[in-house]
Amino acid sequence: MSLDPENTLVMETTKGKVVIKLRPDLAPKHVERLKLLAREGFYDGIVFHRVIDGFMAQVGCPHGTGTGGSKHPDLAQEFNAEPHVRGVCSMARSQNPNSANSQFFIVFEDARFLDKQYTAWGQVVEGMENVDNIKRGEPVRDPDSIVSMKVMADIA
């Protein structure tokens, strides 16, 4: 499979490398935000604060608690018909559908009840076994983290 380096994220985690194919066709503004934050180094060192077995691993809060976002404004929802199945990456949000900012989650198993209610923006194409090994909890004790997240095009 050939990946477009400008639309691929390479996430080094404490459990290993995870490669995510971005889907600007589904959520162009969310993909743009994720690339901006990756290029700012926002995700480097951020912990997986909410990891539910059989459901998903959530990351992207600068406080490590699920209560914060980036310095950028919240995004308007870009709900789409992409099914929330294993490996899909989607934006976390509050009750307000237009509150996604920097937090996202990776789905472990089918979670189709999220379809068209959360903005799916990518798919893990390599390293899902590393996502599977992320420490579980709500909150997670001694959590795993993103060591670095970069746009593939920026990796020398």
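All residue numbers refer to positions counted from 1 along the written sequence of the respective chain. Whole-chain, interface and lining totals are the exception, using all residues; otherwise, since this is a predicted model, local features are given only for residues with pLDDT of at least 70 and side-chain atom pairs are given and counted only at 80 or more. Processing note: side-chain calculations cover all non-hydrogen atoms of the structure and skip hydrogens and water entirely.

**Section: unusual backbone geometry**
To keep it simple, the criterion reads: Strands here mean DSSP runs of E at least two residues long; helices mean DSSP runs of H or I at least four residues long; both are numbered from the N terminus. Buried means the residue's accessible area, taken with a 1.4 Å probe over protein chains only, is under 20% of the maximum for its type, while exposed means over 50%, and partly exposed covers the values in between.
Cis peptide bonds are those with omega within 30 degrees of zero, and the linkage from Glu138 to Pro139 qualifies with 0°. Counting through the fold element by element, Pro139 comes out in the loop between helix H2 (128-132) and strand S8 (146-151). Look at Lys116: it is not a glycine, yet its phi comes out positive at around 65°. Position of Lys116 relative to the elements: it lies in the loop between strand S6 (104-107) and strand S7 (120-126). We classify Lys116 as exposed; its relative accessible area is 56%. The residue Asp142 is not glycine, and still its phi comes out positive at about 50°. One can find Asp142 in the loop between H2 and S8.

**Concerning the state of the cysteines**
Worth spelling out the cut-off: When two cysteine sulfur atoms are found within 2.5 Å, that pair is recorded as a disulfide.
Going through the model one piece at a time under the given rule, you end up with zero disulfides. Cysteine Cys61 remains unbridged, with the sulfur of Cys89 as its closest cysteine sulfur at 18 Å. Cys61 gets classed as buried once you look at its relative accessible area, which sits at 1%. Its relative accessible area of 0% is what places Cys89 among the buried residues.

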